[in-house]
Amino acid sequence: MLTFRKAVKEDLDALLQLYEQGRAAIARFGIDQWQNGYPAKADIEKDMTDDVLWVSEDPEMPGKIASVMALIFTGEPTYDIITEGNWLTGDTHDYAAIHRITVSPNFRNRGVAGQTMTFGKESAKKAGFSSLRIDTHKGNLAMRGMLEKNGFTHCGTIFLESGAARVAYEILL
């Protein structure tokens, strides 16, 4: 069973490497998601400053980060408009959002993504939210499969500030 804690400055180098590994994994799908250096060091540092970045560790492997995610309780402006469908909860702002999630290659295929999603769902529910939202590239089939396996429903399409389309998912808590 994983343990979860807020990311700290001492995690920065490991997180930079973890996100680089995530970019490499996504690149194998031949899509542009995360291929422009995102999330960058500044994004990680901002998530830490905003106190929204969580890491998981396996107690049997102390000091080794298994997964990372930003768990946002302040809304997501790009979720205000959804096309080709609807959010399960309509246009309410009573939701939490997950961004910048990845699993270490050393921990893949061990249920880490599912445990990370469960932690996100439980944390959002405990904070009083009625749902959890997340988005990904339509070609990121591994992520889409993981989301559906963990109870998320495909709701439609949202657009990032850059104009790039992303498939939007939501789960009721």
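In this structure, what is going on with the layout of surface pockets? I would like to understand it.
Over the atoms, a rolled probe matching the size of one water molecule traces out where space is still vacant. Space inside the largest pocket adds up to approximately 1,200 Å³. Around the largest pocket sit 41 residues that line it, and Gln33, Trp34, Ile101, Asn140 and Met143 are the ones nearest its centre. At the level of secondary structure, the elements contributing two or more residues to the lining of the largest pocket comprise α1 (12-27), β4 (95-103), α3 (112-126), β5 (131-136) and α4 (141-149). Here the lining of the largest pocket gets six residues from one element, more than from any other, and that element is β4. When grouped by side-chain class, the residues that make up the lining of the largest pocket number 18 nonpolar, 13 polar and 10 charged. Its boundaries defined by the atoms lining it, the second largest pocket holds a volume of some 260 Å³. If you go around the second largest pocket, you meet 13 residues; those closest to its centre are Lys46, Asp47, Asp50, Ile72 and Arg100. Sorting the residues of the lining of the second largest pocket by element identifies α2 (41-49) and β4 as the ones contributing at least two each. Broken down by element, the lining of the second largest pocket gets its largest block of residues, three residues, from α2. Tallied by class, the residues present in the lining of the second largest pocket amount to four nonpolar, three polar and six charged.

Whenever I open this one, the packing of aromatic side chains confuses me. Can you help?
The full count for this structure, using the stated rule, is seven aromatic pairs. A ring pair is formed by Phe4 and Phe119, whose centres lie 4.2 Å apart and whose planes are at 5°; its orientation type is stacked. Taken together, the positions of Phe4 in strand β1 (residues 3-6) and Phe119 in helix α3 put the pair 115 residues apart, joining distant regions of the chain. The exposure class of Phe4 is partly exposed, given its relative accessible area of 21%.

Explain the environment of Gly156 to me, please; I cannot follow it from the model alone.
Structurally, Gly156 is set in strand β6 (residues 153-159). Sequence separation between Gly156 and Asp135 is 21 residues, and the spatial gap between their C-alpha atoms is 9.6 Å. Every residue in contact with Gly156, bar those within four places of it in the chain, is listed here: Ile82, Thr83, Glu84, Gly85, Arg166, Val167 and Ala168.

When you look at the pairing of β5 in this model, what are you seeing that I'm missing?
As a general feature of sheets, a regular strand has side chains that alternate between the two faces. Along β5, six of the six residues are buried, which leaves the element largely enclosed by surrounding structure. Residues Ser131, Arg133 and Asp135 point to one face of β5 and Leu132, Ile134 and Thr136 to the other, with burial holding for every one of them. Sheet topology note: the β4/β5 ladder contains three bridges and is parallel. Opposite Ala96, over in β5, you have Leu132 as the bridge partner. Between β4 and its parallel partner β5, the chain crosses via α3, and the hand of that crossover is right-handed. Note that β5 and strand β7 (residues 165-172) share six bridges and pair antiparallel. Looking at the pairing, Arg133 lines up with Glu170 of β7.

What counts, and where the lines are drawn
- Residues numbered from 1 in each chain as written.
- Predicted model: local features only at pLDDT ≥ 70, side-chain atom pairs only at ≥ 80, totals over all residues.
- Heavy atoms only, no water.
- 1 Å grid on protein atoms, 1.4 Å probe; cavity = no way out; pocket = protein on both sides within 12 Å on 5 of 7 lines; lining within 4 Å.
- Points joined across faces, edges and corners; volume = space filled by probe spheres on them.
- Helix = DSSP H or I, 4+ residues; strand = E, 2+ residues; numbered from the N terminus.
- Nonpolar A, V, L, I, M, F, W, Y, C, P; charged D, E, K, R; others polar.
- Phe/Tyr/Trp six-rings, centres within 6.5 Å; stacked < 30°, edge-to-face > 60°.
- Buried < 20%, exposed > 50% of the residue type's maximum accessible area, 1.4 Å probe, protein only.
- Contact = heavy atoms within 4.5 Å.
- Pairing = 2+ DSSP bridges.
- Right-handed = clockwise from strand over helix to strand, strands pointing away.

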